[in-house]
Amino acid sequence: MGTEVEVSEPLIEKIAAVNDEEEEADQPIPEWKDQITIRGLVASAIMGTLFCIITHKLNLTVGIIPSLNVAAGLLGFFLVKSWTSFLSKLGFSIKPFTRQENTVIQTCVVACYGLAFSGGFGSSLLAMDERTYQLIGADYPGNRAEDVKNPGLGWMIGFVVVVSFLGLFSLVPLRKVMILDYKLTYPSGTATAMLINSFHTNTGAELAGKQVRCLGKYLSISFFWSCFKWFFSGVGNSCGFDNFPSFGLTLFKNTFYFDFSPTYVGCGLICPHIVNCSVLLGAIISWGFLWPFISQHAGDWYPADLGSNDFKGLYGYKVFIAISLILGDGLYNLIKIITITVKEMWNRSTKDSKLPFVNDIQDTETSKLLLEQKEREIVFLKDGIPTWFAASGYVGLAAISTATIPTIFPPLKWYLVLCSYLIAPALAFCNSYGTGLTDWNLASTYGKIGLFIIASLVGTDGGVIAGLAACGVMMSIVSTAADLMQDFKTGYLTLSSAKSMFVSQLLGTAMGCVIAPLTFWMYWTAFDIGSPDGPYKAPYAVIFREMAILGIEGFSELPKHCLALCCGFFVAALVINLLRDATPTKISRFIPVPMAMAVPFYIGAYFAIDMFVGTVILFIWELVNRKDSEDYAGAVASGLICGDGIWTIPSAILSIFRVNPPVCMYFGPAVGS
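Notes on the structure in this doc start here. (Residues numbered from 1 in each chain as written. Predicted model: local features only at pLDDT ≥ 70, side-chain atom pairs only at ≥ 80, totals over all residues. Heavy atoms only, no water.)

Moving on: the packing of aromatic side chains. Aromatic ring pairs are described here by two measures, namely the spacing of the ring centres and the angle between the planes. What the rule picks out here adds up to 44 aromatic pairs. Ring centres of Tyr523 and Phe527 lie 5.8 Å apart, and the angle between their planes is 45 degrees; on these two criteria the pair is classed as tilted. Each member of the pair Tyr523 and Phe527 is classed as buried. One aromatic cluster is present, formed by Trp225, Phe228, Phe232, Phe241, Phe244, Phe258, Phe260 and Phe667 through successive ring pairs. Just above the ring of Trp155 sits the side chain of Lys149; from NZ or CZ to the centre is 5.2 Å. Positioned over the ring face of Phe380 is Arg175, at 5.7 Å from the centre of the ring. (Phe/Tyr/Trp six-rings, centres within 6.5 Å; stacked < 30°, edge-to-face > 60°. Buried < 20%, exposed > 50% of the residue type's maximum accessible area, 1.4 Å probe, protein only. Lys NZ or Arg CZ within 6 Å of the ring centre and 35° of its normal.)

This is the structure in structure tokens:
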């Protein structure tokens, strides 16, 4: 799932090495209807709610969302195993928990919490609200009061319902081509399948039990630490451990401090080292050098008396330079993946036409592997989803959506929605193919392309709302299509029915259409969302609205030298990416990721410190005991993230009832200094 930078965990190679002979191969494969169970759907709804809360929190604070697939797999296994063992102790006869049911739960959860990201709650939809309009400035050219639509539970649920299912129907007929013919790897889907397969072996189940206990331990620590922190956080945004000047007050003013957040430390444990180091490098470049340098030119480059959140001042540099890095990185990766896709498809067509027929006498091991592959293919193709059903589903949903969306967003005319749906399957294919090759889901990049095109076509009269709505439509379709194909790969490797995978995606999406808006609404009513001085800055709301205005107005209103700096950083993003791809792996693994560097430019350096602490812990752990770190790092990280996420619920309830923390722990300079 990245607008927001979403980072997938690396392929879990160690799990692939599990002894195949231990697998429950002799257990019959359940029918597709038996793979979807009531207990599985209940577990999916519980975990979907938790992961929606976590995704919203990350979306509304920093915008970096690590993959929670390992946590979903572990918690799904734990919940159902606990339930079945509890019932069996009471003497009830229970159906065995199979890897197919485990896969269905995983698929359902990912479909549910995926909507918290692709629905645009922290980006395109939130960019329409009045707070974001006021932040950019009522007198800012192109930023009109008419282009405001505040979040509302009714219209948000309606919007998500009419756009979220289309992506599922757009590529279903191509599942055989993508999974069997092209044999795309889908690294995260493959890693998830290996993880689930390992749970259903003797040694794997034993390790899974230890991982669950580890996850539970760190979840408890994280929850109680977040609760403890709350007591000292007082009223306002300057109290508590979140504002602890770890490196002194001077660096604290430039946002360099450790804020004791279990979530960001957990993200640091999950994300690759290079991503964490890239975030820290971006923080050092921006908050360590660039912003202090530009601040020295206040009065020359921009008026010195402007507020800290005025787009004509330093705030404008922060937002536009972050946008230029994000767009440079997104454009490069889009071109790169389209190039790889075209090249791969060309190679396959020429290879297939020239392939000679070979009839080798296979050895026993190869024959066994071929038989396993054949069994997977038979299971995968057995319960097909008819092409006519997928096509009529897409056409029917597109018709409903084309009629409905203009009533929610009047500037986005029906013919623009229809055009979006005509080209969406092609973009969904490109994104799904690219994800299969590289594990990069570029949904947000396709969304930004739609945003720019529609905003410029509609123009000043409603272009901002139309562009942002079109961005939400496009992101939803291409993201859910890629997720579905990723899940088909997982299902193929776990001998799960394609039909059960598709139905579980539909059920998970239906859950997400209710759970994602409801959990967002909890944040919206309980916290001050979008405040640049609070914890919930909603960074991508401002960035996306500004992109829509750029699509209409161009670059005329940027502060002095801002355009030159933006061009420099845009080119730098292209060059850095080119170097990452052109140099050998031993060098490229030390070259930073521009998208990750861009995030702290706007938000601040504090979360970069937290993530770097996480990466340092993991690095030392790998040096001391690599096997232990491979087995338990994901569980520790998931526990830290989930515990902090769970605390958000009581915290939100206390906030709604206006119960304030009793103590304000505040730090200032010593008296007389």
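Still more ground to cover, so stick around.
Turning our attention to the packing of helix α7 (residues 153-164) against helix α17 (residues 387-408). It is at 10 Å that the axes of α7 and α17 come closest, and there the two elements cross at 155 degrees. When the axis of α7 is compared with that of α17, the two are roughly antiparallel. Crossing of α7 against α17: the hand is left-handed. Contacts between α7 and α17 involve Trp155, Gly158, Phe159, Val162 and Val163 on the former and, on the latter, Ile400, Ser401, Thr404, Ile405 and Ile408. Broken down by class, the residue content of the contact of α7 with α17 amounts to 7 nonpolar, 3 polar and no charged. (Axes fitted to C-alpha atoms, helices over the stretch in contact; angles between N-to-C directions. Helix = DSSP H or I, 4+ residues; strand = E, 2+ residues; numbered from the N terminus. Parallel < 35°, antiparallel > 145°, perpendicular 65-115°, else oblique. Left-handed = near helix turned anticlockwise from the far one by under 90°. Contact = heavy atoms within 4.5 Å. Nonpolar A, V, L, I, M, F, W, Y, C, P; charged D, E, K, R; others polar.)

Ranked by internal contacts, the top residues of the largest apolar core, which has 189 residues, are Phe51 and Phe409. The residues contacting Phe409, other than those within four sequence positions of it, are Leu125, Met128, Lys149, Trp155, Phe159, Ile465 and Ala469. (Core = buried A, V, L, I, M, F, W, Y, C linked by side-chain atoms within 4.5 Å.)

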